[in-house]
Amino acid sequence: TDLGAYTFQECTGLTDVTIGNGLTSIGEYTFQFCTSLKNVTLGKNVTYIGERAFDNCGGLISMTIPGNVTGFGDNVFADCIGLTSVTIENGVTSLGRGMFMRCTSLADVKIPDTVTSIAYSAFSGCTSLTNMVIPDSVTTIESDAFSGCSGLTSVVIPNSVTTIEYGAFSGCTSLTSVVIPDSVTSLGEYVFNYCTNLTSAVIGKGVTSISYGLFYD
């Protein structure tokens, strides 16, 4: 029921993959460096995708992650530089660490209201991402979640969020305004570090102290 680690690593001629319903897990590094891979369909019984399973699949343009996937290793789609669109379906509860790190063409992301946390560096370095609506199921935005998203001009942080960790929006140089809702009680250091065009920030009443380097530039 598992697709083993490294199974198709560096199969540079591979263009299409369909994961059947008999498989429940995709191992680590399984499709890493499959640079011609354009289409991936995940079966309805896949519940886990391992570390760097699709890392550096530069030909991948769009991806749908079905709601049956409940666990991710680190950096699953990191450095997929051709990836422009991602749909995450209802049922997914969290995003893996570094999940879309340095996906520099990623411009359209749909996150369902079943997700409760945005993991460490999940979208770090996604320079084509221009706006982000975080669903009102999310309670935690982890460290560096959107760091280096230099094209990000708009982000909506819902009233469900209680914690924004270290450097979450660091280096978002196109961000001009931000509203931190009253629900936020914990605001880490350097959250908006190097947000050099930020001209307006509203900090909700739940924040009782300004953390070190919050707006440092």
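This is a predicted model, so every value here is computed, not measured.

Grouped together as the largest cluster of nonpolar side chains are 65 residues, with contacts concentrated most on Phe54, Phe100, Phe123, Ile141, Phe146 and Phe169. Counting only elements with at least two residues in this core, the list comes to β6 (62–65), β8 (85–88) and β15 (177–180). Contacts of Phe123, omitting those with residues within four sequence positions, involve Leu95, Phe100, Leu106, Val109, Ile111, Ile118, Leu129, Ala145, Phe146, Ser147 and Cys149.

A few words on the side chain of Thr30. Relative to the assigned elements, Thr30 resides in the loop between β3 (25–26) and β4 (39–41). Here the side chain of Thr30 touches Gly4 through a polar contact of 3.3 Å, landing on its backbone oxygen. Once residues lying within four places of it in the same chain are set aside, the contact partners of Thr30 are Leu3, Gly4, Ala5, Tyr6, Thr7, Phe8, Gln9 and Ala53.

Strands sit in the order β6-β8-β9 across an open sheet of three strands; the sheet is parallel. Each end of this open sheet is capped by a strand with a single partner; those strands are β6 and β9 (108–110). For this sheet, the mean angle separating the axes of adjacent strands, direction not counted, is 5°. As paired strands, β6 and β8 are joined by four bridges and run parallel to one another. By the bridge assignment, Met63 is partnered in β8 with Val86.

Parameters at a glance
- Residues numbered from 1 in each chain as written.
- Predicted model: local features only at pLDDT ≥ 70, side-chain atom pairs only at ≥ 80, totals over all residues.
- Heavy atoms only, no water.
- Core = buried A, V, L, I, M, F, W, Y, C linked by side-chain atoms within 4.5 Å.
- Buried < 20%, exposed > 50% of the residue type's maximum accessible area, 1.4 Å probe, protein only.
- Helix = DSSP H or I, 4+ residues; strand = E, 2+ residues; numbered from the N terminus.
- Contact = heavy atoms within 4.5 Å.
- Polar contact = N/O pair within 3.5 Å; in protein donor to acceptor, adjacent residues only side chain to side chain.
- Pairing = 2+ DSSP bridges.
- Axes fitted to C-alpha atoms, helices over the stretch in contact; angles between N-to-C directions.

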